[in-house]
Amino acid sequence: MKRRKRIVMSVICGLLVAAVALGGTLAYLTDSESITNTFTVGTGYVGSDAFTLDETKKPDAGLPTETSTINRTENNQTYSGLLPGTQFAKDPTFHLGKNQDGTHVIESYIVAKLTDFDKAISEGYIFKNMLGEAGLNLNWVKVANSDGSTKSIDYRKYDGYYIFTNNGQIDNMDVAYTGDNEGDIAILDEGESTDALFTYVQLKDMGNEEFEKVSDSLSVDISGVAVQAPYTSPSEAVAAAIDKLK
């Protein structure tokens, strides 16, 4: 008899909330006295809704088959009873809050870190984009390996760091945003959101013998930071994110 599997698919927003509660995500500041650029945990992002991560909420019974813009959650979720071929909607998305009710945000680059995705894939899970094709959504571009290295990036692996872009490509990671340019790297303003990292997850079709080897409990982690964009280059934002999330 086929065993029913359980996979723990996490939207790890605790790190994001903790960072905000401690004074914000990373802000890139310039020390005019020493003319030294430094990264610091700044006070630019204030309020528990300044930077959040959520996804479509599971119904009380069964699995979500389509994404929802209304029924969403910031909590970790467990998807149980998965069988070969099972597909469900899972669309982790980052949001910047609005400057109101004690919340203060700054135009920001968004960098995400994916952990244990390659392990899940080796077990038979497929992460799909909005078109139902294997892979992340187009506008998320990998910029560092899981160990934080930015040279010889292994695009065959999912684990690592990704930056949200406007068009799925990056021509120059070093041009700082001055307030009037519209480059390849996306800059979120208050009240705006990224595209979902991916849109669906499926346990691939497989025979009983292969299915018996799938772990009964498997989790993947998603974390991220918002790095203020004015006068900060995307490469500096990535370096800050790696330092924060490593």
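Here is a short report on the structure shown in this document.

### Describing the sheet that holds strand 10 (residues 125–128)
Reasoning step 1: Sheet architecture is open: three strands sit in the order 7-13-10, paired in antiparallel fashion. Because the sheet does not close on itself, it has two edges, and the strands there are strand 7 (87–89) and strand 10. For this sheet, the mean inter-axis angle between neighbouring strands, taken without regard to orientation, is 20°.
Reasoning step 2: Here strand 10 pairs with strand 13 (residues 200–203) via four bridges, running antiparallel. Looking at strand 13, one finds that Phe127 is bridged to Val201.

### Brief notes about the packing of aromatic side chains
Reasoning step 1: This model, assessed by the stated rule, comprises eight aromatic pairs.
Reasoning step 2: Between Tyr79 and Phe88, the aromatic rings sit 4.4 Å apart at their centres with planes inclined by 20°, giving stacked as the arrangement.
Reasoning step 3: The aromatic ring of Tyr79 is capped on one face by Lys58, whose charged end is 5.8 Å from the ring centroid.

### Considering the sheet that holds strand 4 (residues 51–56)
Reasoning step 1: In space, the three strands of this open sheet follow the order 5-4-8, with antiparallel pairing throughout. Each edge of the open sheet is held by one strand with a lone partner, namely strand 5 (72–73) and strand 8 (93–96).
Reasoning step 2: Where strand 4 lies against strand 5, two bridges are found, and the strand directions are antiparallel. Bridge pairing links Glu55 to Thr73 in strand 5.

### A look at the pattern of salt bridges
Reasoning step 1: Tallied over the full model, the rule gives six salt bridges.
Reasoning step 2: The partner of Lys204 in a salt bridge is Glu210, and the shortest N-O contact between them spans 3.2 Å.
Reasoning step 3: The class for Lys204 is partly exposed, based on a relative accessible area of 32%.
Reasoning step 4: Taking relative accessible area as the criterion, Glu210 reaches 36% and is therefore assigned partly exposed.
Reasoning step 5: One salt bridge in this structure joins Asp243 and Lys246, with 3.5 Å as the shortest N-O distance.
Reasoning step 6: Residue classification places Lys246 among the exposed residues on the basis of a relative accessible area of 69%.
Reasoning step 7: What you see here is one network of salt bridges that share partners, running through Asp54, Arg72 and Asp91.

What counts and how
Residues numbered from 1 in each chain as written. Predicted model: local features only at pLDDT ≥ 70, side-chain atom pairs only at ≥ 80, totals over all residues. Heavy atoms only, no water. Pairing = 2+ DSSP bridges. Helix = DSSP H or I, 4+ residues; strand = E, 2+ residues; numbered from the N terminus. Axes fitted to C-alpha atoms, helices over the stretch in contact; angles between N-to-C directions. Phe/Tyr/Trp six-rings, centres within 6.5 Å; stacked < 30°, edge-to-face > 60°. Lys NZ or Arg CZ within 6 Å of the ring centre and 35° of its normal. Salt bridge = Lys/Arg side-chain N within 4 Å of Asp/Glu carboxyl O. Buried < 20%, exposed > 50% of the residue type's maximum accessible area, 1.4 Å probe, protein only.

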